[in-house]
Amino acid sequence: MAIQIYIDQGHNPQGINAGAEGFGVREQDITYQVGLYLYNILSEDYRFTARLSRPTPETTLGYNNTSSLRERVNQANSWPADYFISIHANASENPELNGSEVYVAASYTPAWYLAMDVLSEIVRRTGTKYNGVYINPALYVLRNTNMPAILVELGYITNYEDNQKMTQNPYQFAYGIYVGLLNYLGLPQILS
C-alpha cells in the first residue's frame, strides 16, 4: 500500500487567505510551484500517492481564512493522508531575516522527527540558513490534522537572497522535502 502524502500549498491565489509578497513575488506562487514539483516527484515514486490542496494555480479554498485552512485539513483527514506537508514562505519587516524553518505541534513526535529530516535536506540542497524546528500547536493545520503534520517555511520572501533561491530553483526545495521524507521513513532514493 502506497504512503499517502497530502501536500498543502499554502495560501490562495488572491483575496481570502492570500500570502505574503516580496520583491514583486507572491508567496502563493512559490508554494504552488514547490508543491507541484513535490507532487510530480512523489508521483514518479511507486511507494507514494500524493494529493495537492491546489491542483491548479487558480484553485481557491474556502471563503475566509479559517474555512480555507479547514478545507485543507478536511481533505487530508477524509482521504486519509498518512502525512500532511504544508508549504509556505516566511516574511518579515526586517529584510535581513532569512533561512528555512519547520513548525510542528509538539516535540519528539513523528512530525518533529520528519521536520528535522526535511529541514536538514532543504538546507543542504538550497544553501538556506538552518533556523531550526519550532513548536507551534496554535497553527490550525498542525492542530487539526489526524496524521503527522509539518509546516515548512522554505525561506523569507522578504529577504532578497532567499527570494531568489525560491523563485529560481523551486525544484530543489521540493526535492529536499522528498529526500527528507525518504530519510525519515528509512527508504532508499530510487529516482535520479
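No experiment lies behind these values; they were computed from the predicted model shown.

K.L.:
Quick one: what's the story with the sheet that holds strand β1 (residues 3–9), residue by residue and with numbers?
P.N.:
Pairing in this open sheet of 6 strands is mixed, and the strands run β4-β1-β5-β8-β6-β7 from one edge to the other. Looking at which strands have only one partner, the edges of the open sheet turn out to be β4 (48–52) and β7 (130–135). Mean inter-strand twist for the sheet, computed between neighbouring axes without regard to direction, equals 20°. Strand direction decides the pairing type here: β1 and strand β5 (residues 83–90), joined by 5 bridges, are parallel. Within the sheet, the bridge partner assigned to Gln9 lies in β5 and is Ile87. Across the sheet, helix α3 (residues 110–126) lies against β5, β6 (100–104), β7 and β8 (149–156), angled at about 165° from β7, the strand it touches most.

K.L.:
Please provide a residue-by-residue account of the side chain of Arg72, values included.
P.N.:
For Arg72, the position within the fold is in helix α2 (residues 65–78). At a separation of 3.2 Å, a polar atom in the side chain of Arg72 contacts the side chain of Ser68. Those residues in contact with Arg72 that lie beyond four places of it in its chain are Tyr6, Asp8, Gln9, Gly10, His11, Asn12, Asn17, Ser53, Arg54, Leu61 and Phe84.

K.L.:
Summarise the pairing of β1; cite the residues concerned and give the values.
P.N.:
Within β1, 7 of the 7 residues are buried, which leaves the element mostly enclosed by the surrounding structure. Across the two faces of β1 the burial is the same, with Ile3, Ile5, Ile7 and Gln9 and Gln4, Tyr6 and Asp8 all buried. Of the pairings in the sheet, the one linking β1 to β4 comprises 5 bridges and is parallel in character. Along β4, the bridge assignment pairs Ile3 with Phe48.

K.L.:
Explain α3 to me, and be specific about the residues and the numbers.
P.N.:
Owing to its 3.6 residues per turn, the α-helix aligns residues three or four sequence positions apart on the same side. In this model α3 runs 24 Å from its N-terminal to its C-terminal C-alpha over 17 residues, within 8% of the 24 Å that 1.5 Å per residue would give. Among the residues of α3, those classed as buried are Ala111, Trp112, Leu114, Ala115, Val118, Leu119, Glu121, Ile122, Val123 and Thr126. Taken together, the buried residues of α3 touch β5, β6, β7, β8, α5 (160–168) and α6 (170–185). Looking one or two residues beyond α3, the residue adopting positive phi is Gly127, at roughly 80°.

K.L.:
Any chance you could break down the environment of Glu121 for me, citing the residues and the numbers?
P.N.:
Structurally, Glu121 can be placed in helix α3. Put simply, Glu121 and Gly176 are 55 residues apart on the chain and 4.9 Å apart in space, counted from C-alpha to C-alpha. Those residues in contact with Glu121 that sit more than four places away from it in its chain are Gly176, Val179, Gly180 and Asn183.

What counts and how
Residues numbered from 1 in each chain as written. Predicted model: local features only at pLDDT ≥ 70, side-chain atom pairs only at ≥ 80, totals over all residues. Heavy atoms only, no water. Pairing = 2+ DSSP bridges. Helix = DSSP H or I, 4+ residues; strand = E, 2+ residues; numbered from the N terminus. Axes fitted to C-alpha atoms, helices over the stretch in contact; angles between N-to-C directions. Contact = heavy atoms within 4.5 Å. Polar contact = N/O pair within 3.5 Å; in protein donor to acceptor, adjacent residues only side chain to side chain. Buried < 20%, exposed > 50% of the residue type's maximum accessible area, 1.4 Å probe, protein only. Expected span 1.5 Å × (residues − 1).

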